[in-house]
Amino acid sequence: MPASASLNYGGDAAGLICGYLLGADAAPREIDSAQAAQWLAGLQAGGAALEGKVAGKGQGQFLWLHFNLSHAQAMRWMERHADLPEAFFDALKDRSVSTRIERDDDTLIAVLNDAHFDFAFEPSDIATLWTSVAPHLMVTGRTRPLRSVDALRTAVRSGNAPCSSVALLAELMRTQASGLVDIVRGVTQRIDDVEDALLAGRLDHKRARLGVLRRLLVRLQRLLAPEPAALFRLLQHPPAWMGADDAQELRDSTEEFSVVLRDMQGLQERIKLLQEEIAASVQEANSRSLFVLTVVTVLALPINILAGLFGMNVGGVPLSDDPQGFWIIVAVVVAFTAVAGWLALRDARDR
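These notes cover the structure that comes with them. (Residues numbered from 1 in each chain as written. Predicted model: local features only at pLDDT ≥ 70, side-chain atom pairs only at ≥ 80, totals over all residues. Heavy atoms only, no water.)

### Description of the overall build of the protein
Spelled out, the test is: Numbering of helices and strands starts at the N terminus; helices are DSSP runs of H or I of at least 4 residues and strands are runs of E of at least 2. Throughout, exposure labels follow a simple rule: accessible area from a 1.4 Å probe, protein chains only, divided by the maximum for the residue type, with under 20% read as buried, over 50% as exposed, and the rest as partly exposed. Note on contacts: a residue pair is in contact if any heavy atoms of the two residues lie within 4.5 Å. Exposure was quantified through the Shrake-Rupley algorithm and a 1.4 Å probe, taking into account, for residues, occlusion by the shown protein chains and nothing else.
Within the protein one finds 10 helices and seven strands. For the protein, the residues scored as buried account for 42% of the 351 residues in total. The contacts of the protein with a sequence gap of at least 6 include a subset with a gap of at least 24, amounting to 68%. Of the roughly 18,400 Å² of accessible surface on the protein, 56% is carried by carbon and sulfur atoms.

Structure follows, in structure tokens:
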């Protein structure tokens, strides 16, 4: 495996998957964990100019560091170099997956949920992203590759980088909303296929997929629905360093997210209606099968009764000595069967 591929997936020796030095006055610059530690040390020392491959802390510059939390050294590196709030480390240690965005002094702590990079429309294909946002540092961490982070990383690498850490968070949430739109479209296509199969009368195994898709949407709704409300509460009392433009970007991303959540709610209702229609169709088919079984049983009843009576090994069996006894019994059985069939079919027509 190439070294770059290994770095992209599992991270370097400190568990750093990717790191970028961003700012309004310069193009995004990719850095490793050693360079990030050097930059942060300079920042903590008062912003003195740094020498080496990474430029010093310029006006408006900030770091984005993305970690693989499954790496044993990731937590230790952050504790040693990043000077993150204790609330962030508590969320990491507890592996809290409840969506929230809150302030801790001058730092934003966010716990977000997103689809796996290899999302396959299964309810289990959802993982958590832990985020800390400060004026000069944004740290994200995950245990499994996520779609939105990969898309954001691609955008930053291509030069489309936000100018502040809050703008980067807003861009992450917009990317997350865009990924949800793709999921909604995929679910919609699958629901359309099931609906077409239902109308054509050939459901087969596709009925079970509706239950899987509904569980997926319910889980996404449960995990992601608190996000707009959490952002709204945050924007009521933002940190002092957050600019008006950054607050507006977060507000816009919240609106986009809310629209996607409403679409997901509509899909859940559609799936519920389809499940009810399928259940009604199955019930109707079962009723028809039960009716056919009932008619067959009724038609077979006279001959079974007569066969049981005339099959007794006792004296006095009627027509036993009559040469035409067999045909007489056949005529009686046919008559009783015709009457029973007429009664059964008449009751079916009455219903």
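### Details of the packing of aromatic side chains
Let me state the cut-off plainly: Under the pairing criterion, centres of Phe, Tyr and Trp rings, with the six-membered ring standing for Trp, must be within 6.5 Å; the plane angle then separates stacked pairs below 30 degrees from edge-to-face pairs above 60, leaving the rest tilted.
Under the defined criterion, the tally for this structure stands at three aromatic pairs. Note on Tyr 20 and Trp 64: the rings are 6.0 Å apart at their centroids and 25° apart in plane angle, and the pair reads as stacked. You can see Tyr 20 sitting in strand 1 (residues 16-22) and its partner Trp 64 sitting in strand 3 (residues 62-68), a full 44 residues away along the chain. Classification of Tyr 20 as buried rests on a relative accessible area of 2%. Ring plane angle 45° and centroid distance 5.4 Å describe the contact between Phe 67 and Trp 77, whose orientation is recorded as tilted. Highlighted residues: Phe 67 in strand 3 and Trp 77 in helix 3 (residues 74-82), separated in sequence by 10 residues. Judged by relative accessible area, Phe 67 falls into the buried class, the value being 0%. Accessibility expressed as a relative area gives 9% for Trp 77, which makes it buried.

### Details of the sheet that holds strand 1
The condition that has to hold: For two strands to be treated as a pair, DSSP must find no fewer than two bridges joining them. Between the N-to-C directions of two axes lies an angle of 0 to 180 degrees, each axis being a line fitted to C-alpha atoms and, for a helix, fitted only over the stretch in contact.
Across the sheet, which stays open at both edges, the seven strands sit in the order 2-1-3-7-6-5-4 with mixed pairing between neighbours. Two strands in the sheet have a free side with no partner beyond their single neighbour: strand 2 (29-30) and strand 4 (100-104). Looking at chain direction, strand 1 and strand 2 are connected through two bridges and run antiparallel. Among the inter-strand pairings, Tyr 20 is bridged to a residue of strand 2, identified as Glu 30. Sheet strands in contact with helix 8 (residues 226-236) are strand 4 and strand 5 (107-115), and its direction is about 25° off that of strand 4.

### Some remarks on the side chain of Thr 107
Relative to the helices and strands, Thr 107 is located in strand 5. Other than its neighbours up to four places away in sequence, Thr 107 contacts Pro 85, Glu 102, Ser 132, Val 133 and Ala 134.

### Quick word on the pairing of strand 3
Counting buried residues along strand 3, seven of its seven residues qualify, which places the element largely inside the surrounding structure. Covered by surrounding structure in strand 3 are Phe 62, Trp 64, His 66 and Asn 68 together with Leu 63, Leu 65 and Phe 67, the residues of both alternating faces. Sheet topology note: the strand 1/strand 3 ladder contains six bridges and is antiparallel. By the bridge assignment, Tyr 20 is partnered in strand 3 with Trp 64.

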